[in-house]
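# Topology and contacts: notes
Letter by letter, the chains look like this.
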Amino acid sequence: MATGHPHIESLESVLSSFFSAITTGKKQEPDSTPFLNAIVNIYNRTISENIIQFALDNGATSEAINELKKNLGTSIPDGIKTINNPLTYLLDELICNIQQHACTDTGYIYSNYNEITDSVEIIIADLGISIYGSYVAAQKHLDKLGNSDAEALNLAQNGYSIKNLPDAENRGYGISSNIKMVVEGLHGEFAILSGNALMIHSANKKKIFTLPSEVDFKGTMVMVIIPATLPTDFNIYNYTS
Amino acid sequence: MKHIIKIKEQFGTELHTRQMIEQLGASLNNGDSYLLDMSGVMQISRSAADELYNLTHGSQRVDMINIEPFVEKMLSAVTLGRFMPRTHTSGDIPIIQCQTIESVIAQLQAN
């Protein structure tokens, strides 16, 4: 998806620029975009004004989601109505994950309508204990986890839950169902940076990286690009039940 | 000579990165022994815990005391991980090991 922009075509391009930026230590790349800037800022713990920072109690969380949707609603030509349901589902599930597992009291969300690509760019982030740390705190799947943030990401995207639920309910819904909805349903792209691991998932790419040791994000950052117009065959119930 | 280092005073309540621990290691004198007082350190990343393992199992005499519950769990997990065979069978995506930023970018741009 997302073609035609002179510099940023896809999430993999944004992430390439991000890694280039943190290598050079530059605050901004020459071809920087608001989305790339937001990723770099959250990574550097520099929370700029276009990033919504919110306390993780239910009231503040709802307020933050509403503010994000209101901002998007004013910038998307047709408004937010068509993508409201999947967007709400995405935000609710991922913020709920932060509330339940990240051991932090603050979350961060960012959104931008990219009019060139007619897509919505979203970041949901925390500076908590990372996905690996969440499994460790819950003492779940330690036999499979090894000493690897990448393995923790692989478990999470594959539906291994952090919750202490009976096996039948162990659906790992927060991440795995959202990836499916974004990539298969919305034809979008999904990436997670957690610890020193990165996962990127799109229609033609499904990769997990153990990153070089100089890349070390204490927390979890989910980055998503979805089209501002829903595919005609999209049915949210294929991903929520 | 024995030294006690209060980690919270030096680094705060969260140990974020491997580099923090590497800096700590670099500041220690060979021949002396150290006790890292971990009281009040409530969070630690996997990579920082892994580097602490290196520090406490390396050539220098370094031990830890007063470890908070989550930090204890993280240290146990990375220790366990070091003794597990390196087979990645839990998820369905192969894990790509990247040693350099350039290799990450190349992998991102490859199909």
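Preceding this paragraph is the structure being described.
Residues numbered from 1 in each chain as written. Chains lettered and ligands numbered in written order. Predicted model: local features only at pLDDT ≥ 70, side-chain atom pairs only at ≥ 80, totals over all residues. Heavy atoms only, no water.

## So, the overall build of chain B
Along its length, chain B carries five helices and six strands. Order of helices (α) and strands (β) in chain B, N terminus to C terminus: β-α-β-α-β-β-α-β-α-β-α. At 17 Å, chain B has a C-alpha radius of gyration far larger than the 13 Å of a compact globule built from 111 residues. Along the first, second and third principal axes, the C-alpha set of chain B runs to 55 × 25 × 25 Å. Residues counted as buried form 47% of the 111 residues belonging to chain B. For chain B, the computed accessible surface area is about 6000 Å², with 50% contributed by carbon and sulfur atoms. Each charge sign in chain B was given a centre, from 9 positive and 12 negative side chains, and these centres are 4 Å apart. (Helix = DSSP H or I, 4+ residues; strand = E, 2+ residues; numbered from the N terminus. Rg over C-alpha atoms; globule rule 2.2 N^0.38 Å. Buried < 20%, exposed > 50% of the residue type's maximum accessible area, 1.4 Å probe, protein only. Areas by Shrake-Rupley, 256 points an atom, 1.4 Å probe, with all protein chains shown as cover. Lys, Arg positive; Asp, Glu negative; His and termini not counted. Charge placed at Lys NZ, Arg CZ, Asp CG, Glu CD.)

## Description of helix H4 (residues 69–82) of chain B
For H4(B), spanning 14 residues, the distance from its first C-alpha to its last is 20 Å, which sits close to the expected 20 Å at 1.5 Å a residue. Of all the residues in H4(B), the buried ones are Phe70(B), Val71(B), Met74(B), Leu75(B), Ala77(B), Val78(B) and Gly81(B). Buried residues of H4(B), viewed axially, fall in a sector of 160 degrees; they line one side. On its buried side, H4(B) packs onto helix H5 (130–138) and helix H6 (142–145) of chain A together with strand S4 (43–44), helix H3 (46–56) and strand S5 (61–65) of chain B. (Expected span 1.5 Å × (residues − 1). Arc of directions from axis to C-beta. Contact = heavy atoms within 4.5 Å.)

## A word on the packing of aromatic side chains
In total, this model carries five aromatic pairs over all chains according to the counting rule given. Through a chain of ring-to-ring contacts, the aromatic side chains of Phe18(A), Phe19(A), Tyr43(A) and Phe217(A) assemble into a single cluster. Stacked on the ring of Tyr132(A), the Lys or Arg Arg46(B) has its end atom at 5.9 Å from the ring centre. (Phe/Tyr/Trp six-rings, centres within 6.5 Å; stacked < 30°, edge-to-face > 60°. Lys NZ or Arg CZ within 6 Å of the ring centre and 35° of its normal.)

## Some details on the interface of chain B and chain A
If you look at the interface, chain B gives 40 residues, while chain A gives 47 residues. Between chain B and chain A, roughly 3700 Å² of surface is buried when both sides are summed, and carbon and sulfur atoms account for 57% of that area. Taken together, the links from chain B to chain A amount to two salt bridges. In this structure, the salt-bridge partner of Glu14(B) is Lys218(A), at a minimum N-O distance of 3.6 Å. There are 16 residue pairs in polar contact (both at pLDDT 80 or more) connecting chain B and chain A. Those elements giving two or more residues to the side of chain B that touches chain A turn out to be strand S2 (14–15), H3, H4, strand S6 (95–97) and helix H5 (101–109) of chain B. Among the elements that take part in the side of chain B that touches chain A, H4(B) stands out by supplying eight residues, more than any other. (Buried area = accessible area lost by both parts, 1.4 Å probe. Salt bridge = Lys/Arg side-chain N within 4 Å of Asp/Glu carboxyl O. Polar contact = N/O pair within 3.5 Å; in protein donor to acceptor, adjacent residues only side chain to side chain.)

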